[in-house]
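Listed below are the residues making up each chain.
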Amino acid sequence: MPVSSGVRKRIKELLDPDDEIHYVFPADILGSTNPSVFFAVTRKTITVLTTGYLSRKTPKRVVATTLRNHRIGPVDTATVPWFKFNGVDYEIDDEYISVVHAADAEIMRDGAKPEDPLPDL
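Described in the following lines is the structure provided in the data block. Computed from a predicted structure; not experimentally measured.

### A closer look at the overall build of the chain
A tally of helices and strands in the chain yields 2 helices and 6 strands. Start at the N end of the chain and walk to the C end: the helices and strands fall as α-β-β-β-β-β-β-α. For the chain, with 121 residues in total, the buried portion stands at 38%. In the chain, 40% of the contacts between residues at least 6 apart in sequence involve partners at least 24 apart. When the accessible surface of the chain is totalled, it reaches about 7600 Å², and 55% of it is carbon and sulfur.

Set out below in structure tokens:
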């Protein structure tokens with residue numbers, strides 16, 4: 001199920017007001033007592049937001065921010081879909097694998113541009 005507009009609005013309130021959200025998906029931190037988080041992939045950053053103890057659907061605060069020039073995946077789908085990001089293992093539902101792939105494809109596309117052969121002209 002896609003992330004609701006209410007969740008997106010709450011995430012937007014916790015981010016830089018000049019930034020633009022491209023992708024949002026929920027994930028669970030493997031082995032954590034407070035596992036539920038949201039990933040917000042914006043024009044500038046990849047931000048991880050915690051939901052707190054009482055609700056899995058309401059972002060409460062930012063717990064980590066990384067510049068947008070990092071990949072999130074690859075997603076390992078041999079068992080339950082999971083990926084490692086900044087040294088933390090996250091589990092996602094099958095329906096969000098394509099979201100991670102799309103976010104990674106966006107950054108890979110930008111990184112694949114050839115350098116200007118004549119930068120001084």
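Now, onward.
### Here's the deal with the pattern of salt bridges
When their charged atoms lie close together, side chains carrying opposite charge are able to pair. On inspection of all chains with the given rule, the structure shows 6 salt bridges. Notably, a salt bridge pairs Glu106 with Arg68, separated by 3.2 Å at the nearest N-O pair. Highlighted residues: Glu106 in helix 2 (residues 97-111) and Arg68 in the loop between strand 4 (61-67) and strand 5 (82-85), separated in sequence by 38 residues. For Glu106, a relative accessible area of 15% translates into the label buried.

### So, the packing of aromatic side chains
Here the structure, examined in full by the defined rule, presents 6 aromatic pairs. Seen in terms of ring centroids, Phe25 and Phe39 are 5.0 Å apart; in terms of plane orientation they differ by 5°. Their pairing is stacked. Separated by 14 residues along the polypeptide, Phe25 in strand 1 (residues 21-29) and Phe39 in strand 2 (residues 36-42) bring together distant segments of the chain. Of the residues examined, Phe25 reaches a relative accessible area of 0% and is grouped as buried. Judged by centre distance (5.5 Å) and plane angle (25°), the rings of Phe83 and Tyr90 are stacked. We note that Phe83, like Tyr90, is buried.

Cut-offs and rules
Residues numbered from 1 in each chain as written. Predicted model: local features only at pLDDT ≥ 70, side-chain atom pairs only at ≥ 80, totals over all residues. Heavy atoms only, no water. Helix = DSSP H or I, 4+ residues; strand = E, 2+ residues; numbered from the N terminus. Buried < 20%, exposed > 50% of the residue type's maximum accessible area, 1.4 Å probe, protein only. Contact = heavy atoms within 4.5 Å. Areas by Shrake-Rupley, 256 points an atom, 1.4 Å probe, with all protein chains shown as cover. Salt bridge = Lys/Arg side-chain N within 4 Å of Asp/Glu carboxyl O. Phe/Tyr/Trp six-rings, centres within 6.5 Å; stacked < 30°, edge-to-face > 60°.

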